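Fold and contact review
Residue strings, one per chain:
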Amino acid sequence: MVKTTAVTFHLLDQDLLLLPQKAIYWQQEKALIVADVHLGKVGHFRKAGIAVPRDMEQDDLAVLSDLIDEHKPKKIIFLGDLFHSDLNTDWDWFVLWRKHFPKLELILIRGNHDIIHDKHYLDLNVALHDELLIGPFVMLHHPLTDEALENVKGYVFCGHIHPGISLSGRARQHLTLPCFAFGDKQAILPSFGKFTGRVAIRNRQTDRIFAIAQNKVIAID
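A short tour of the structure in this document, coming up. (Residues numbered from 1 in each chain as written. Predicted model: local features only at pLDDT ≥ 70, side-chain atom pairs only at ≥ 80, totals over all residues. Heavy atoms only, no water.)

Ranked by size, the top nonpolar core spans 30 residues in total, and within it Ile76, Phe78, Phe94, Trp97 and Tyr121 carry the most contacts. Those elements giving two or more residues to this core turn out to be strand E2 (14-19), strand E3 (23-26), strand E4 (31-34), helix H2 (56-71), strand E5 (75-78), helix H3 (90-100), strand E6 (105-109) and strand E7 (126-129). Excluding anything up to four places from it in sequence, Phe94 contacts Leu39, Leu61, Leu82, Leu106 and Leu124. Core analysis: the second largest hydrophobic core is formed by 26 residues, Leu11, Ile33, Leu79 and Leu189 among them. (Core = buried A, V, L, I, M, F, W, Y, C linked by side-chain atoms within 4.5 Å. Buried < 20%, exposed > 50% of the residue type's maximum accessible area, 1.4 Å probe, protein only. Helix = DSSP H or I, 4+ residues; strand = E, 2+ residues; numbered from the N terminus. Contact = heavy atoms within 4.5 Å.)

Side-chain alternation along E5 places Lys75 and Ile77 on one buried face and Ile76 and Phe78 on a second face that is also buried. Pairing between E4 and E5: four bridges, direction parallel. Residue pairing in the sheet places Ile33 in a bridge with Ile77 of E5. Sheet analysis places E5 next to E6, joined by four bridges and oriented parallel. Looking at E6, one finds that Ile76 is bridged to Leu106. (Pairing = 2+ DSSP bridges.)

Here E3 shows a buried face lined by Ala23 and Tyr25 and a second buried face lined by Ile24 and Trp26. Looking at chain direction, E2 and E3 are connected through four bridges and run antiparallel. Residue pairing for E3: Leu19 is matched across the bridge by Ala23. Bridge count between E3 and E4: three bridges; the pairing is antiparallel. Its bridge partner being in E4, Ile24 is matched across the sheet by Ile33. Adjacent in sequence and paired antiparallel, E3 and E4 are bridged by four residues, among which Lys30 carries a positive phi angle near 50 degrees.

A complete count under the given rule lists five salt bridges for this structure. With its nearest N and O atoms 2.9 Å apart, the salt bridge here joins Arg110 to Asp118. A relative accessible area of 27% means that Arg110 is categorised as partly exposed. Between Asp123 and Lys119 there is a salt bridge whose closest N-O contact spans 2.7 Å. Of the two residues, Asp123 and Lys119 are both situated in helix H4 (residues 118-123); the distance of four residues between them amounts to about one turn of the helix. Given a relative accessible area of 53%, Asp123 falls into the exposed group. Look at the salt bridges and you will find they share partners, linking Arg110, Asp118 and Asp130 into a network. (Salt bridge = Lys/Arg side-chain N within 4 Å of Asp/Glu carboxyl O.)

The next point concerns the environment of Leu149. Mapped onto the fold, Leu149 is located in helix H5 (residues 146-149). Classification of Leu149 as buried rests on a relative accessible area of 9%. Once the C-alpha coordinates of Leu149 and Gln186 are considered, the two residues, 37 residues apart in sequence, prove to be 7.9 Å apart. Beyond its immediate sequence surroundings of up to four residues, Leu149 is in contact with Leu144, Val156, Lys185 and Gln186.

So this is what it looks like as structure tokens:
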């Protein structure tokens, strides 16, 4: 088993374990929080004739399974874009995966890619929301502007933009790593799915940035 190093981050009297698998384990709520899994993206591209390894979807579900076995969560909160497209053969893998964890509470905050009819999720006992307040946190998909954040009662957790931090080495090496970005009122999670890109974000000096590299979560000063 590959050794991984997580970081504990305290926020609003809550204990968050930032995981190198690009997920958060919220200890008080016994919940895993993940964003932008994008299941079905492999099938979507293969259907369009683009060669993509078939096992990438199963890999993401296998990582989720490992996190469940390790942390024993009572629920998983998906911050949007759980499935990338309309129904395709990759949905069958998700159905099979769900059968292994029938008692686990699954919550999906709808994202822009979540276009599958509600019935299919409800048949799998997946709760659907556009936004959800749990404790001090508001679960969303899209990040909010500073102006919009002024009117939100709670600290926002979201995804959507697949954040990354751009780092430069002494020999002019340039690397963009996935990251967790914690601002004053909003946290943006990295994309959980392997088959996704990332965008280097513009962070403020007051932000707390945690990069993910080689199975480690690293605080960026």
